[in-house]
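One letter stands for each residue in the lines below.
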Amino acid sequence: MTDAIYETLLALDVGEQRIGVARARLDALFPQPLTTLENPERFVEDIAALCEAEKAAAIVVGLPRGLSGQDTAQTAAVQEFGKRLESVLAIPVYWNDEAVTSVAAETELRGRGKPYTKADIDALAAVYILEDFLSEHPEYFHA
């Protein structure tokens, strides 16, 4: 029996101090939290290493917007970060609206009745970003 190599999609919930990361294997498309990066000086390098370790086929970056859908200072900062990723990674970088993903993640975690951290919120928000992306791009599924 040969060892199967499963490619993944990674999603990022980008913040100033942390980046939540989620993954989904392309043969199953079941997004799950992967990790939270907490060293801003190493974000790009750490993401590149995760892409290699996870055999990522693409990365999805959550794009923040204001409550009325307008661009904000955080939108511009995340877009600039995404451009840095595109210049370093050899895989496609896609964008997905991240409207209220952090709020939804915190609500879900609070509802579980167990302690959680901001890192947990960020990683779960990345799961929501990836779920939204996959629901709009079923072509990534290959069993």
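Here the structure is shown first, and the text comes after it.
Residues numbered from 1 in each chain as written. Predicted model: local features only at pLDDT ≥ 70, side-chain atom pairs only at ≥ 80, totals over all residues. Heavy atoms only, no water.

## Observations concerning the nonpolar core
At step 1: Counting 21 residues, the largest nonpolar core has Leu12, Ile19, Ile47, Cys51, Ile59, Phe81 and Leu85 as its most contacted members.
At step 2: Listing elements by their share of this core, those giving two or more residues are strand E1 (8-14), strand E2 (19-25), helix H1 (43-53), strand E4 (56-63) and helix H2 (73-88).
At step 3: No other element matches H1, which puts five residues into this core.
At step 4: With sequence-adjacent residues up to four places away left out, Ile19 is seen in contact with Leu12, Asp13, Val14, Thr35, Thr36, Leu37, Phe43, Ile47 and Phe81.
At step 5: Ranked by size, the runner-up nonpolar core spans 19 residues in total, among them Leu9, Ala11, Val60 and Tyr128. (Core = buried A, V, L, I, M, F, W, Y, C linked by side-chain atoms within 4.5 Å. Buried < 20%, exposed > 50% of the residue type's maximum accessible area, 1.4 Å probe, protein only. Helix = DSSP H or I, 4+ residues; strand = E, 2+ residues; numbered from the N terminus. Contact = heavy atoms within 4.5 Å.)

## Topic: helix H3 (residues 101-111)
At step 1: Three or more residues of H3 are buried, namely Thr101, Ala105 and Leu109. Summarising the axial view, the buried residues of H3 lie within an arc of 65°, below the 170-degree limit, and thus occupy one face. Exposed residues lying more than 90 degrees from the buried face of H3 are Val103 and Gly111.
At step 2: In the core, the buried residues of H3 are packed alongside E1 and helix H4 (118-136). (Arc of directions from axis to C-beta.)

## Focus: the environment of Val88
At step 1: Tracing the chain through its elements places Val88 in helix H2.
At step 2: Note on Val88: relative accessible area 47%, which makes it partly exposed.
At step 3: For Val88 and Ala99, which are eleven residues apart along the polypeptide, the C-alpha to C-alpha distance reads 27 Å.
At step 4: Excluding its chain neighbours within four sequence positions, the residues that come into contact with Val88 are Val44 and Ala48.

## Notes on the packing of aromatic side chains
At step 1: Scanning the entire structure with this criterion turns up two aromatic pairs.
At step 2: Ring geometry for Phe43 versus Phe81: centroids 6.4 Å apart, planes at 85°, classification edge-to-face. With Phe43 in helix H1 and Phe81 in helix H2, this residue pair connects regions lying 38 residues apart in the sequence.
At step 3: With relative accessibility at 5%, the residue Phe43 sits in the buried group. (Phe/Tyr/Trp six-rings, centres within 6.5 Å; stacked < 30°, edge-to-face > 60°.)

## Describing unusual backbone geometry
At step 1: Notably, Lys55 is not glycine yet its phi reads approximately 50°, a positive angle.
At step 2: As for its placement among the helices and strands, Lys55 is situated in the loop between H1 and E4.
At step 3: For Lys55, a relative accessible area of 41% puts it in the partly exposed group.
At step 4: Positive phi outside glycine occurs at Val100, with the angle close to 55°.
At step 5: Mapped onto the elements, Val100 comes out in the loop between strand E5 (93-97) and H3.

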